[in-house]
Amino acid sequence: MSVFALGLNHTTAPLDLRGRFAFTPDQLAPTLQAFRGRLQRPSEVAIVSTCNRTEVYVGDDPTQVPPALDWLAGIGRVPSHTLREHSYVLEGGSAARHAFRVASGLDSMVLGEPQILGQLKQAVREAESAGTLGTTLHQMFQRSFAVAKEVRTSTEIGAHSISMAAAAVRLASQLFEDLSDTTVLFVGAGEMIELVATHFAARTPKAMAVANRTAERGERLAARFGAEALRLADLPARLGEFDVVISCTASSLPIIGLGAVERALKSRKHRPMFMVDLAVPRDIEPEVSRLSDIYLYTVDDLSTLVQSAGEKRQAAVEQAEAIIETGVQGFVHWLDQRVSVPLIQALHTQADDWRAAEIARARKLLAKGEDVDTVLEALSRGLTQKLLHGTLAELHAADGEQRAQLAAVVSRLFLRQGIRSHNSDKH
């Protein structure tokens, strides 16, 4: 059993292509089961889907890569060659190294950002619930969580990152002289919106509102920040009231269209609007960015603001990579050991069968009144003969170089204790 990862992320694929492969949490279970059904045999499967990446992890050998790639291309409705151009396939230790780097925040758009670890854990829970997570992937992900924890506690990797939320506030501050004079609308009520709302609330804007498809969740978030709760259906009519609009929902289609923004600008007498679309797929139609007085940013646009440099950052990265490499070596060693597990199990089964047969034979002899020492002698001889029969037969059948190689293996396996005892006697 091995493992491979097939994925695309913010470094290999543009935003609109990533959007084609985004899965909502409620889509994961049926998608996992459908995917496993498309493979050539039942395999372990987990899917990680965030705004920056969609990755399929498979506990199986690389022969399953082509059907996995064809399946994923079908999901995104793109030709297989297009997906191949924008994706990566990593196997064995390389797949584990990638998973460990993702969990530790080293493969994120925001270096060291903590959100991805929670998203990875959620992906594992979904795979467990769907019944597609087996021993190999479970072991890999648990080790990735342990490595991520060590990276965060032993290095300063998280101290050098600027979150998407902070970056959005920074951009808005460049457009509006005083954020306390602005009105802010948050579309969605998930974790990302909660983070952004926390950052904006610290600047005490004049008014805030939350629009969400599920009214109860939107009202709960609005109450936390002293904001107004809006129905998503009221969004087009109310859009013009807001200077800042931050959107991040799980909608598969844009929920803020060009026409609605044009009407909002008209009602605002073309006062500028700052908009951030953190969703994948997009929440705001891309054509909106062409409008005058609109400043629209996507997750990819924010990437330049969340990169940090310098000697401290590099030192933290190098330290984190060393921790990750140690974790990878441990997982690869565990994988190598797993290869021999079926053989070990078969040997135990065979030995138990031989033992049971000889014990049954001994019991029959004892029941007939045979001498105990004679029965024990027969039992030990029977076990010894069964143990050596196959080996001796192979030695007799082999010839030349093959016999010499086989003899060396047999000596190492069966005569080691005898050699050790013989050497001990010399001393």
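Everything here concerns the structure above.
Note that the coordinates shown come from a computational prediction; the quantities given were computed from them, not determined experimentally.

**Student:** Residue-level account of the side chain of Gln115, with values.
**Tutor:** Of note, Gln115 is situated in helix α6 (residues 115-130). What makes Gln115 buried here is its relative accessible area of 15%. Filtering out sequence-adjacent residues up to four positions away, Gln115 remains in contact with Glu191, Met192 and Leu195.

**Student:** Now, about helix α10 (residues 215-225): what can you tell me, with residues and values included?
**Tutor:** If you check which residues of α10 are buried, you get Gly218, Leu221, Ala222 and Phe225. Down the axis, α10 shows its buried residues gathered within 100 degrees of arc, on one side only. Away from its buried face by more than 90 degrees, α10 exposes Glu216, Arg220 and Ala223. Following α10 by one or two positions, Gly226 adopts a phi angle in the positive range, close to 65 degrees.

**Student:** Quick rundown of a nonpolar patch on the surface? Include the residues and the values.
**Tutor:** A cluster of nonpolar residues, Leu387, Val409, Leu413, Phe414 and Leu415, forms a patch on the protein surface that exposes about 450 Å² of accessible area. No other element matches the three residues that helix α16 (residues 400-414) contributes to the nonpolar patch.

**Student:** Give me the lowdown on the packing of aromatic side chains, citing residues and values where you can.
**Tutor:** The relation between two aromatic rings is expressed through the spacing of the ring centres and the mutual angle of the planes. The tally for this structure, following the rule as stated, stands at five aromatic pairs. Taking the centre distance of 5.7 Å and the plane angle of 45 degrees together, the rings of Phe274 and Tyr297 count as tilted. Of this pair, Phe274 sits in strand β9 (residues 273-277) while Tyr297 sits in strand β10 (residues 294-298); the two residues are 23 residues apart in sequence, bridging distant segments of the chain. Residue classification places Tyr297 among the partly exposed positions, given a relative accessible area of 24%.

**Student:** Requested: an account of the packing of helix α5 (residues 93-103) against helix α7 (residues 135-154), with residues and values cited.
**Tutor:** Two elements in contact, α5 and α7, have axes whose closest approach is 8 Å; the angle formed by their N-to-C orientations is 45 degrees. The orientation of α5 with respect to α7, classified from their angle, is oblique. In this structure, the crossing between α5 and α7 has a hand that is right-handed. For the pair α5 and α7, contact is made by Ala96, Ala99, Phe100 and Ala103 and by Met140, Arg143, Ser144, Val147, Ala148 and Arg152, respectively. For the contact of α5 with α7, a count of residues per class yields seven nonpolar, one polar and two charged.

Rules used in this analysis
- Residues numbered from 1 in each chain as written.
- Predicted model: local features only at pLDDT ≥ 70, side-chain atom pairs only at ≥ 80, totals over all residues.
- Heavy atoms only, no water.
- Helix = DSSP H or I, 4+ residues; strand = E, 2+ residues; numbered from the N terminus.
- Buried < 20%, exposed > 50% of the residue type's maximum accessible area, 1.4 Å probe, protein only.
- Contact = heavy atoms within 4.5 Å.
- Arc of directions from axis to C-beta.
- Patch = residues over 30% accessible without salt bridge, like charges linked within 9 Å, V, L, I, M, F, W, Y side chains within 5 Å.
- Areas by Shrake-Rupley, 256 points an atom, 1.4 Å probe, with all protein chains shown as cover.
- Salt bridge = Lys/Arg side-chain N within 4 Å of Asp/Glu carboxyl O.
- Phe/Tyr/Trp six-rings, centres within 6.5 Å; stacked < 30°, edge-to-face > 60°.
- Axes fitted to C-alpha atoms, helices over the stretch in contact; angles between N-to-C directions.
- Parallel < 35°, antiparallel > 145°, perpendicular 65-115°, else oblique.
- Left-handed = near helix turned anticlockwise from the far one by under 90°.
- Nonpolar A, V, L, I, M, F, W, Y, C, P; charged D, E, K, R; others polar.

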